[in-house]
Every structure is written in C-alpha cells, then in structure tokens.
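Residues per chain, in single letters:
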Amino acid sequence: MRNHLATGTAAILTVPLVLVAPAVSAAVPPVVPPVVPPVATPPAAPQATPATTRATTPVVAPPVRPPARPDVAAPTSAPPAPAPPAAPLPVPSLSPANIKAHLARFQAIADANGGNRAHGSPGFLASANYVKNLLDEAGFATVLQPFPYGGLTGYNVIADWPGGDPDDILMVGAHLDSVTAGPGINDNGSGSAAILETALEVSRQGLMSSRHLRFAWWGAEELGLRGSQYYVNNLPASERSKIKGYVNLDMIASPNIGYFVYDGDNGTVAGGTMAPEGSAELERTFKSYYASIGVPVQDIALNARSDHGSFLAAGIPVGGIFSGAEDIKDMAQAQLWGGTAGAVFDSCYHQSCDTISNIDDTALNRNANAIAHLVWASSVTSAPGVVWQDRFESATGWITDPAGTDTATSGRWERGRPQATSYQGPKQLGATTSGVNDLVTGRWAGPSAGADDIDGGSTSIESPPITLPAGGPLRLSFSWYLAHAATATDADHLRVKVVGRTMRQVFERLGRPTNRDGAWGTAETNISDFAGQTIRILIEAADEAGPSLVEAGIDDVRIDRGPGRLL
C-alpha cells in the first residue's frame, strides 16, 4: 500500500480520488483466451526471466513444482483438472499452511534479491514468475503484462479461469510489489498470497462459475498504482463495462490488527469517493462473512490509496478489505479487536522489518477466507431445485422443547394427524395442506375446543440438521395458521426462526384481541445468508398472557434453491 505522504496519494478516510495516466494502446485482451502481448526484456538477472506466456486455452499440468530454494516449502496438494461438479460446492476453508508457504517464498525471493521485491527489480520479476507458474499449472490462462515506468519495466500478472459469462466479470486483485526498503510481506505479500491461494482453490474444486473469474497481481502500486492504471487505461470502454466488480486486498495481516471493509454503500462518504452502483453488494457479502464468524468490522471510505482506485476512476464497482497501516489504533478499536491502543496497526509498514514475522496469522486466515467466501458467494450457481422438504408424513427427527425451556402445560408441538376443533369458528384445523399429518399444537380435539390448545406459556419444536448448499438464492417456505379467541393479546404468537452460525427470526404472527379462525396461509423468506451452513428450523408458539384459546399449525416446510448467485 502506498504511503499517504507520497505524491498523488491519499490518507485513509481523507482525500478524494485523483488519477491521471496517459492513454496508450491495449496490451492485454480481457477475456479468455488472451492474446499474448510482446514481453519486454526483463532486467538482467540469471534467476529472473519472464515465464513463458500461453497462447491457447491451458490445461492442467502435473503437480506444482517445488520452489527453487529447498529451504522454502511449496504449497501442499496438487490441483486436479477442473470438472463439472455433481452438486453445488461448499465455500472452502483455505489452507493456512499453503498461504504461509506463499509468504515464505516471497520472503526467500526478497532475501535472494537485495532484500526487496520492488518495481523493476529482479525480486519483483521472480515473484511474478512464481505466481504465474503456479497458475499455469492450475489451469488458468495467464498473461505477464509488461508496462514501462520510471525507465524500468514493470509487470502485471493477469489470470483468467476458463468459463463463466464473459460479459459478467468478477475481478480480484492485489499489488505484488514492495517498497525498496524491505520485502513487503504484509504490504502486500499478505493480499497477494491470499488471492493466489483462493485462485488455486478454484482450480482444486473445479469451480463452475456463472461469472467469468479474473485474478490480478499488480506491479508498481507503491509508485502510484502504475500497474493497475496501465491495465485499466488500456482496456477499451466495451471491455471495462464487462467488469462488474473489482475486489482489492492490500495489507490483510497487520500485527496490531484492524478489520476494515471498503464502504460500498456510501455510509462513510466523508473523505471518500461515492461508490459506483454494485459496490454495496460487495460490502454486504464481506460483512455477512465476518458476522458469521463473530468478528466486528468498521467501514473505510473509498479513496485512491490502493489499486481499487484505478477501477473506481473508471466507474467500476469496487470492494475490499484492509487491516491497517501507519494510522494509530484508538481505544474503541482496541476494545473491538484487541491489540494496543495508541500504537500503529503495522509498526513495520514500509520498513525492512516487514518480514514473515510481521504477520498476524489469525487475521491472515480470516481475511483470506473472507475473499474465498466472496468469490464463491458471488460466482456459484446451480439449477433450481428442492434442497430439503418435510410434509410430516413420517418421522424425520423434529425435537419438541429442544432447549428444555418450554413452559406450556398443554398443547405442545407434535407431529401427527390433527382433529378439528371449533369455537366461534374453526380453531384447530383437521385438514392439512398435504397428506394426513402436520405439525400441530396438541393434535387431539378433547371434550371441548380448549381442552388441548396451548395453555400456560410457550412451546417449541426444532427440525433435524439441514445442510445448505453454497449456491443460491435459497428460499424457505411453509404453510401456517394461528387461531385464537377474542381474549388473545399480542403476547400470544407464532414464530419461525432459522438457526445456523447465527439465529434470525424469519416469520412472526402476533395475537390480537379479536376472534381469529384457523385458515392455512403460506409464507416465504430468503435465507441466502445461511448458504453453506448447517441449519435448524425453530418453530415457536405461545399463549403468554391471560388464558385464551390458542392453536397453531405448520405444514409443508421446504427449502428451494433458485437459479443465480447470492450477489
């Protein structure tokens, strides 16, 4: 990440976007298969020559080659050939060992090349070749894009995953260069390693994405976003319009950690640039991941401090995450995330001590998995179909009073064949919506309408575990009724909740002081935020106020997966 004191740069949350770059001819076509551009002569160094660029759609090669240095381990597990999945694939959990192996390789490259991986140096080109070689072997179509700056040749690595809609591109990027003062392992080996491992996991799982996926590693970011500017400025307008979202990772493992998400819904406009339409979806997807693991986040205003600025200037929706640089962590942030208030987020920012020991492993793993979550959530599609359903014609494992906290003395939830009751109109319905059984609050009629209704408090019933696919959207639907006498109040209720890593109430019907007859209705709600999780459905009903005649029923509970993606 560029220092906020550098010419043309912006401090976090302060200065609006300003980008100026000369227009030059296109060098890299944006879709697969790429046309290979001419590669400029690299700096003279025996270990730093550009990797061969493919001119045809690549296939998967044998397992990943070990790194040149025997003392630095390569990532484990070779990627298999991409193949259509038999079912929607779950969002992966990336390997911490693999991510750290990439960082170790970047450190080794810097150590062998004067202590840095800066623009125009043998260390940068060796880093670019390391990334490109792994992606070639994993089945990506890759391009090493040269660009001139400051009398030196820089490079961008652009990698396209075959398939997906070429008019709907999701692009994920990180700058690969360091400053000349140090190896740049947090800034920005951390972001580079995270998206590299995400891309390799795309290959291992044979991800079939509805969108076209493109990954990028930028050169000369530290000198003013030069690589990403060159890339964006050389795309024809028709090709820029195909990029529907760009996501940036620049510093994600700062030792005095902060968890910041780029503001895509203009909630933090002061000091930033208004986000293009579509940016809010990227922000929400990141925040849903952090909420699912119980990590609080803060917004950070959009500005031109890192490579997302090049895309922002072109009106392309942007998103991203950041762990803090030279700014000082305040007391409130220390209470949120731990660490030291009054100290900078990364005391080795742009210094020689930004080595592999300058990494917060927990933050690295969380933030790397956040980008994997976004890639899968915004890319995975599947055909419409039923994920799970229960018509209650057989026992499937629903549990009454699962928490042991029910207080109702009668009319507790059960599965069975209901008997009709009537009191100033139908109250318990004897007819289900399908078959002969449903979930009902005390299925017997008894000697009077109020003999087996809910009395004395609450009753609950919970479904068996339901594993949801990662793809979406996902919809929960069911049939329901709530009936009661005129003595009911709004303390009486029927509620449905979804319980996964978090719990969300998705339906509520309250009582009221009037006679309400039983009649089947239907409800439907979006539960895509639980995609990839194992959930339970919790149903509650209550006669909580003064005694009243309260009956409830549920039937035909179903979860459907619709076409499309979560974003």
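Heads up: these notes are all about the structure in this document.

Cut-off values and rules
- Residues numbered from 1 in each chain as written.
- Predicted model: local features only at pLDDT ≥ 70, side-chain atom pairs only at ≥ 80, totals over all residues.
- Heavy atoms only, no water.
- Helix = DSSP H or I, 4+ residues; strand = E, 2+ residues; numbered from the N terminus.
- Buried < 20%, exposed > 50% of the residue type's maximum accessible area, 1.4 Å probe, protein only.
- Contact = heavy atoms within 4.5 Å.
- Areas by Shrake-Rupley, 256 points an atom, 1.4 Å probe, with all protein chains shown as cover.
- Phe/Tyr/Trp six-rings, centres within 6.5 Å; stacked < 30°, edge-to-face > 60°.
- Axes fitted to C-alpha atoms, helices over the stretch in contact; angles between N-to-C directions.
- Parallel < 35°, antiparallel > 145°, perpendicular 65-115°, else oblique.
- Left-handed = near helix turned anticlockwise from the far one by under 90°.
- 1 Å grid on protein atoms, 1.4 Å probe; cavity = no way out; pocket = protein on both sides within 12 Å on 5 of 7 lines; lining within 4 Å.
- Points joined across faces, edges and corners; volume = space filled by probe spheres on them.
- Nonpolar A, V, L, I, M, F, W, Y, C, P; charged D, E, K, R; others polar.
- Pairing = 2+ DSSP bridges.
- Salt bridge = Lys/Arg side-chain N within 4 Å of Asp/Glu carboxyl O.
- Disulfide = S-S within 2.5 Å.
- Polar contact = N/O pair within 3.5 Å; in protein donor to acceptor, adjacent residues only side chain to side chain.

Counting its regular elements, the protein chain contains 9 helices and 20 strands. Across the 567 residues of the protein chain, 56% fall into the buried class. A fraction of 80% describes how many contacts in the protein chain between residues 6 or more apart in sequence connect residues 24 or more apart. Accessible area for the protein chain stands at about 20,600 Å²; split by element, carbon and sulfur atoms hold 55% of it.

It is worth spelling out the packing of aromatic side chains at this point. Working definition: an aromatic ring pair is given by the centre-to-centre distance plus the angle between the planes. Enumeration over the complete set of coordinates arrives at 20 aromatic pairs. Look at Trp218 and Tyr231: their rings are 5.3 Å apart centre to centre, the planes differ by 50°, and that puts the pair in the tilted class. In this pair, Trp218 is assigned in strand 4 (residues 211-218) and Tyr231 in helix 4 (residues 226-233), connecting sequence segments 13 residues apart. The pair Trp218 / Tyr231 is uniform in exposure class, with both members buried. Between Tyr259 and Trp337, the aromatic rings sit 6.3 Å apart at their centres with planes inclined by 70°, giving edge-to-face as the arrangement. Here the residue Tyr259 occupies a position in the loop between strand 5 (243-249) and strand 6 (260-262), and Trp337 occupies one in helix 8 (residues 331-337), the gap between them amounting to 78 residues. Here Tyr259 falls in the buried class, since its relative accessible area comes to 4%. Residue classification places Trp337 among the buried residues on the basis of a relative accessible area of 11%.

Turning next to the environment of Asp265. Along the chain, Asp265 falls in the loop between strand 6 and helix 6 (279-292). Setting aside chain neighbours within four positions, we find Asp265 in contact with Ala280, Glu283 and Asp299.

Within the element layout of this structure, Ala193 appears in helix 3 (residues 185-204). A C-alpha to C-alpha distance of 8.9 Å links Ala193 and Phe106, two positions 87 residues apart in sequence. When near neighbours in sequence (up to four residues on either side) are disregarded, Ala193 contacts Ile99, His102, Leu103 and Phe106.

Turning next to the packing of helix 2 (residues 122-137) against helix 3. Two elements in contact, helix 2 and helix 3, have axes separated by 10 Å at closest approach and are oriented at 10°. For the element pair helix 2 / helix 3, the angle class is roughly parallel. Of the two possible hands of crossing, helix 2 and helix 3 adopt the one that is left-handed. Counting all contacts with helix 2, which are made through Tyr130, Val131, Leu134 and Leu135, the residues of helix 3 involved are Leu196, Ala199 and Leu200.

Once that is clear, we can look at empty space enclosed by the protein. According to the stated counting rule, one finds 2 cavities of 30 Å³ or more in the structure shown. Within this model, the second largest cavity holds a volume of roughly 30 Å³. Considering the residues around the second largest cavity, the lining is formed by Ser178, Val179, Gly184, Asp187, Glu222, Cys348, His350, Gln351 and Asp354. Looking at side-chain class alone, the lining of the second largest cavity contains 2 nonpolar, 4 polar and 3 charged residues.

The buried fraction of strand 13 (residues 457-462) amounts to 6 of the 6 residues, a majority that puts the element mostly inside the structure. Summarising the sheet, strand 10 (residues 399-400) and strand 13 pair through 2 bridges and their orientation is antiparallel. What sits directly across from Ile399, in strand 13, is Glu462.

Per the stated rule, a full pass over the model turns up 18 salt bridges. Two residues, Arg204 and Glu197, come together in a salt bridge whose shortest N-O distance is 2.7 Å. Considered together, Arg204 and Glu197 belong to a single accessibility category, that of buried residues. Among the charged side chains, a salt-bridge network with shared partners connects Asp167, Glu239 and Lys242.

Of all 20 residues making up helix 3, 20 are buried, and the element is well covered by its neighbours. Of the residues one or two after helix 3, Gly206 is the one with positive phi, at around 60°.

Following the criterion strictly, the structure yields 1 disulfide and no others. Here Cys348 pairs with Cys353 through a disulfide, and the sulfurs are 2.1 Å apart. Disulfide Cys348 to Cys353: torsion about the S-S bond roughly -115°, handedness left-handed. Judged by relative accessible area, which is 29%, Cys353 ranks as partly exposed.

It is worth spelling out the sheet that holds strand 7 (residues 298-300) at this point. Ordered in space as 1-2-4-3-5-8-6-7, the 8 strands form an open sheet in which the pairing is mixed. Only two strands of the sheet have a single partner each, and these edge strands are strand 1 (141-149) and strand 7. Mean inter-strand twist for the sheet, computed between neighbouring axes without regard to direction, equals 20°. Where strand 6 and strand 8 (residues 318-322) come together, 2 bridges link them in antiparallel fashion. Across the sheet, residue Phe260 finds its bridge partner in strand 8, namely Phe322. On top of the sheet, helix 4 reaches strand 1, strand 2 (152-161), strand 3 (165-175), strand 4 and strand 5; it is set at about 110° to strand 1, its chief contact.

To continue, consider the side chain of Ser460. Within the secondary structure, Ser460 sits in strand 13. Residue classification places Ser460 among the buried residues on the basis of a relative accessible area of 7%. Within the local environment of Ser460, its side chain forms a polar contact with the side chain of Asp406, the two groups lying 2.8 Å apart. Sequence-distant contacts of Ser460, defined by excluding residues within four places in its chain, comprise Ile399, Thr400, Asp401, Pro402, Asp406, Trp413, Leu538, Ile539 and Glu540.

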